[in-house]
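Chain and residue survey
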Amino acid sequence: NAGVTQTPKFQVLKTGQSMTLQCAQDMNHNSMYWYRQDPGMGLRLIYYSASEGTTDKGEVPNGYNVSRLNKREFSLRLESAAPSQTSVYFCATRAGARETQYFGPGTRLLVL
Amino acid sequence: KQEVTQIPAALSVPEGENLVLNCSFTDSAIYNLQWFRQDPGKGLTSLLLIQSSQREQTSGRLNASLDKSSGRSTLYIAASQPGDSATYLCAAIGTAGNKLTFGGGTRVLVKP
């Protein structure tokens, strides 16, 4: 039982390059989330998926796209990376609104 | 728009002292409130989840209280240990049940 896994753990991109951050969970949770964490800004919600087949924007969605591929997987795509997207990205899951949210270990992204 | 604040941003105490961490939120119409711990370079680990109908929640040395009317939650850690050194974050879950709004965290150092 791995919980929430994220790949890659660390990535360096050049401005304008694209990449996809992967998140997978084996807890059979309905809801999945993508956050970014920046010094002095705390954790901010980028996108979330309340259930398979649905996605919604969070607080800072610009520059990102998401795909809820199936119940297990929720990916975050940067089409044209910018230095402002340098951050630590966390995926999280939750069974339901009254339940605890569980986080993955994070992906550290550096955009040069 | 919900805003969550944690003051102080950093706290240093000698081992054995009780820790009191504060969390305030602007919109009292919350679904529940969650406390997390984050170790350097790691993801977030859930400590306690307080439903909006509850006044407090306890787990071992940890006790969290919730006062919706005043927009406050407090995390108490009894008899602190050096292993309690970490950043503690609170998050308020809105009534839609989907979005968490995080505070900036309190970085705690427990000195042996």
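Rules used in this analysis
Residues numbered from 1 in each chain as written. Chains lettered and ligands numbered in written order. Predicted model: local features only at pLDDT ≥ 70, side-chain atom pairs only at ≥ 80, totals over all residues. Heavy atoms only, no water. Helix = DSSP H or I, 4+ residues; strand = E, 2+ residues; numbered from the N terminus. Rg over C-alpha atoms; globule rule 2.2 N^0.38 Å. Contact = heavy atoms within 4.5 Å. Areas by Shrake-Rupley, 256 points an atom, 1.4 Å probe, with all protein chains shown as cover. Lys, Arg positive; Asp, Glu negative; His and termini not counted. Charge placed at Lys NZ, Arg CZ, Asp CG, Glu CD. Buried area = accessible area lost by both parts, 1.4 Å probe. Salt bridge = Lys/Arg side-chain N within 4 Å of Asp/Glu carboxyl O. Nonpolar A, V, L, I, M, F, W, Y, C, P; charged D, E, K, R; others polar. Disulfide = S-S within 2.5 Å. Buried < 20%, exposed > 50% of the residue type's maximum accessible area, 1.4 Å probe, protein only. Polar contact = N/O pair within 3.5 Å; in protein donor to acceptor, adjacent residues only side chain to side chain. Pairing = 2+ DSSP bridges.

Some words on the overall build of chain A
The secondary structure content of chain A amounts to 0 helices and 11 strands. The secondary structure elements of chain A, listed N-terminal to C-terminal, are β-β-β-β-β-β-β-β-β-β-β. Since a compact globule built from 112 residues should have a radius of gyration of about 13 Å, the 13 Å found for chain A is in line with a globular shape. Seen through its principal axes, chain A has C-alpha atoms that stretch 40 × 25 × 25 Å. Looking at chain A alone, contacts between residues at least 24 apart form 54% of all its contacts between residues at least 6 apart. With an accessible surface of roughly 5200 Å², chain A has 49% of that area assigned to carbon and sulfur atoms. A gap of 4 Å separates the mean positions of the 12 positive and 8 negative side-chain charges of chain A.

A few points about the interface of chain A and chain B
Between chain A and chain B, the residue contacts involve 21 residues of the former and 20 residues of the latter. Both sides of the chain A and chain B interface together cover about 1700 Å² of buried area, and 51% of this is carbon and sulfur. Considering only the surface of chain A that becomes buried against chain B, A:Leu43, A:Arg98 and A:Phe103 emerge as the three largest contributors, covering 30% of it. The interface formed by chain A and chain B holds 1 salt bridge in total. The salt bridge involving B:Lys1 is made with A:Glu59; its shortest N-O contact spans 3.8 Å. Taken together, the elements giving at least two residues each to the side of chain A that touches chain B come down to strand E4 (31-38), strand E5 (42-49), strand E9 (87-94) and strand E10 (101-103) of chain A. Here the element with the most residues in the side of chain A that touches chain B is E4(A); it accounts for 4 residues. Of the residues that constitute the side of chain A that touches chain B, the class distribution is 10 nonpolar, 5 polar and 6 charged.

Re the state of the cysteines
Working definition of a disulfide: a covalent bond connecting the sulfur atoms of two cysteines. Taken as a whole, this structure holds 2 disulfides over all chains when the rule is applied. The side chain of A:Cys23 participates in a disulfide bridge whose partner is A:Cys91; the two sulfur atoms lie 1.9 Å from each other. The S-S bond linking A:Cys23 to A:Cys91 shows a torsion near -70°; that makes this disulfide left-handed. One end of the pair, A:Cys23, is in strand E3 (residues 19-25); the other, A:Cys91, is in strand E9, and 68 residues separate them in sequence. Disulfide partner of B:Cys23: B:Cys90, at an S-S distance of 2.0 Å.

Re the side chain of A:Arg94
Residues and elements named next belong to chain A. Looking at the secondary structure, you find Arg 94 in strand E9. Lacking a salt bridge, the buried Arg 94 has Glu 99 as its closest oppositely charged neighbour, with an N-O distance of 8.7 Å. Reaching out from Arg 94, the side chain makes a polar contact with the side chain of Tyr 33 at a distance of 2.8 Å.

Section: the pairing of strand E5 (residues 44-51) of chain B
Residues and elements named next belong to chain B. Where strand E4 (residues 30-38) meets E5, 7 bridges bridge the pair, whose relative direction is antiparallel. Within E5, the position partnered with Gln 34 by the bridge is Leu 49. Turn length for the E4-E5 hairpin, with the two strands adjacent in sequence and antiparallel, is 5 residues, and the turn residue Gly 41 shows positive phi of about 75°.

Some words on the pattern of salt bridges
Should their charged atoms come close, side chains of opposite charge can pair. Per the counting criterion, the structure on display carries 6 salt bridges over all chains. Salt-bridge contacts for B:Asp39 lead to B:Arg37; the nearest nitrogen and oxygen are separated by 2.9 Å. One salt-bridge network, held together by shared partners, links A:Arg36, A:Asp38 and A:Arg44.

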